[in-house]
Amino acid sequence: SEEILEECGYKVEASRLEKIKSFIGSVGASGGVQNLYYAEVEDSQRVGDGGGVAHEGEMIRVKEMTIPELDAYTQQDQINSPPGFLFAVLWFKLHKAQKFEK
């Protein structure tokens, strides 16, 4: 929940995190284990801008998308996103998106 606050600007209790998977972030000697979680947030939980911790060298841009925007983004020929993000999108589409689609 601390990472959500630092990177996205939302205050989320740890008990509200749903663990999706653990996976190796990349191949090779530097591939560390990443843990992927899901949390639903509301505007009332926004307490900051996010963007990461500057003194740790983090420069994160928060991008909110509707489901149709997400679909259009992932249907491009070239996607400028890491595989972990794309896995998270696939998981969301399979397990959660129908809750939000009208």
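Now for a description of the structure that goes with this document. (Residues numbered from 1 in each chain as written. Predicted model: local features only at pLDDT ≥ 70, side-chain atom pairs only at ≥ 80, totals over all residues. Heavy atoms only, no water.)

### A closer look at the packing of helix α2 (residues 67-74) against helix α3 (residues 83-95)
A pair of packed helices is characterised by two quantities: the angle between their axes and the separation of those axes.
Right, so step 1: Close contact between α2 and α3 brings their axes to 12 Å; oriented N to C, the two are set at 135°. The orientation of α2 relative to α3 falls into the category oblique. By crossing handedness, the relation of α2 to α3 is classed as left-handed. Residues Ile 67, Leu 70, Asp 71, Tyr 73 and Thr 74 of α2 touch α3, and the partners they reach there are Phe 85, Val 89, Phe 92 and Lys 93.
Right, so step 2: When the residues that make up the contact of α2 with α3 are grouped by side-chain class, the tally is six nonpolar, one polar and two charged. (Axes fitted to C-alpha atoms, helices over the stretch in contact; angles between N-to-C directions. Helix = DSSP H or I, 4+ residues; strand = E, 2+ residues; numbered from the N terminus. Parallel < 35°, antiparallel > 145°, perpendicular 65-115°, else oblique. Left-handed = near helix turned anticlockwise from the far one by under 90°. Contact = heavy atoms within 4.5 Å. Nonpolar A, V, L, I, M, F, W, Y, C, P; charged D, E, K, R; others polar.)

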